[in-house]
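One letter stands for each residue in the lines below.
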Amino acid sequence: MEIIAAFLAVSCIKKDMDNCPVVYLEFECINENYRFSEVTRELELLFYRTDGTLAYTTRYTAAQLRSMGWRVKLTQEKAEVYTLIAHVNYANDHTSVTGKERKQMLRTETRYDANREIDYLLTDTYYGVYELPPAYSQPAIHKVILSKNTNLIHLKIIFQEQEMYKEVKEIASRVASRNVLYEWDNMILTHPPVRYLPLISWIETSERIFGTSYHTLRIWTKADLNIEVDIDADRVYHHDIDIPRKLIETVMNGTYPYDTDEKLEHYDEFEFEILIGAGYSILELK
């Protein structure tokens, strides 16, 4: 049985669905490492009128989308323009969506604990927005582009000297950011800083390497997102890495691949190395 999303089409529903104009929605991830059919657990579509009020919302499970060939069929009677917002995997224990009744009030926030810390694996969510034209206009197939809202950040601390490595008692690290609150268009909103704690930490004794990994919400070129590292309680070494600035400054093959938010959307995994020697430290992006 084919599943159809019918919005503002009351007369068509009462009469004959075949008389309604039909359009299809297809979905594609900006990051080419991901396919909509592989990453989607559930999809919610929100249709907003030009005045910003919610006209209709519908939700699909992965099983339903699979049965539809991973595209959504819409029937629409009225010749109106709608702003379509797509939320992929937002129905999870850590994501709060409020204000759906008006587009301008729509907010998405990632939950954190009483200490403003996030110590769990985030759900990979994806966001898309599309201006849906009147039903009788062309084309009949509309492609909604999805942005991935999460990143993986890896950090390696490499000690150049064996003696210095042996003297280390404790290494503490975290990622601090304000990137947990978003408005309707997936743009970041001002928020007090939160800290992402390492998901995993590991040591390669023979190579004098200490490593950690973090799962964070997406990196923005103009948003605060810092890796903070303290080596030993007396802070013999303290590093505060401004991730967006470091990415913007990075040159690869004569280009700057991370200097705009649009370019950053094509990547979701980054690795940094801190080389520590007697009296110096060097930060590198790998």
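A brief report on the enclosed structure follows. Note that residues are indexed from 1 along each chain, following the sequence as it is written. Totals for whole chains, interfaces and linings use every residue, but because this is a predicted model, local features are given only for residues with pLDDT of at least 70 and side-chain atom pairs only at 80 or more, for both listing and counting. Values reported for side chains reflect all heavy atoms of the structure, with hydrogen atoms and water molecules removed beforehand.

Right, let's talk about the overall build of the protein for a bit. Of the regular secondary structure elements, the protein holds six helices and 21 strands. Burial here depends on accessible area, computed with a 1.4 Å probe over protein chains only, as a share of the maximum for the residue type. Under 20% is buried, over 50% is exposed, and the range in between is partly exposed. Classification of the 286 residues of the protein by burial places 48% in the buried group. The contact criterion used throughout is that any non-hydrogen atoms of two residues lie within 4.5 Å. Of all intrachain contacts in the protein linking residues separated by at least 6 positions in sequence, the fraction that spans at least 24 positions is 67%. In the form shown here, the protein has an accessible surface area of approximately 14,500 Å², with 49% of it arising from carbon and sulfur atoms. Numbered from the N terminus, helices here are DSSP runs of H or I no shorter than four residues, and strands are runs of E no shorter than two. To measure how exposed things are, a 1.4 Å probe is used in the Shrake-Rupley method; for residues, cover is taken only from the protein chains shown.

This part takes up the packing of aromatic side chains. Working definition: an aromatic ring pair is given by the centre-to-centre distance plus the angle between the planes. Working definition: rings of Phe, Tyr and Trp (its six-membered ring) pair if their centres are within 6.5 Å, and the pair is stacked with planes under 30 degrees apart, edge-to-face with planes over 60 apart, and tilted otherwise. Within this structure, the stated rule accounts for seven aromatic pairs. Taking the centre distance of 5.8 Å and the plane angle of 90° together, the rings of F36 and W70 count as edge-to-face. With F36 in helix α2 (residues 36-39) and W70 in the loop between α3 (62-67) and β5 (71-76), this pair connects stretches of sequence that are 34 residues apart. A residue is classified by how much of its surface remains accessible, and F36, at 5% relative accessible area, is buried. Three or more aromatic residues joined by ring pairs form one cluster here, namely F27, F36 and W70. The ring of W184 carries K103 above its face, with NZ or CZ at 4.5 Å from the centroid. By definition, being over a ring means that NZ of Lys or CZ of Arg is both within 6 Å of the ring centre and within 35 degrees of the ring normal.

Next up on the list: the pattern of salt bridges. By convention in these notes, a salt bridge is any Lys or Arg side-chain nitrogen within 4 Å of a carboxyl oxygen on Asp or Glu. Evaluated as defined, the whole model comprises 14 salt bridges. The closest approach of N and O atoms between E44 and R59, which form a salt bridge, is 3.3 Å. Of the two residues, E44 is situated in strand β3 (residues 42-48) and R59 in strand β4 (residues 54-61); the sequence distance between them amounts to 15 residues. Among the ionic pairs, D259 bridges to K263, the shortest N-O distance being 3.0 Å. Judged by relative accessible area, which is 28%, D259 ranks as partly exposed. Exposure remark for K263: the relative accessible area of 36% places this residue in the partly exposed category. Shared partners join several salt bridges into a network, and the residues in it are E42, E44, R59 and K100.

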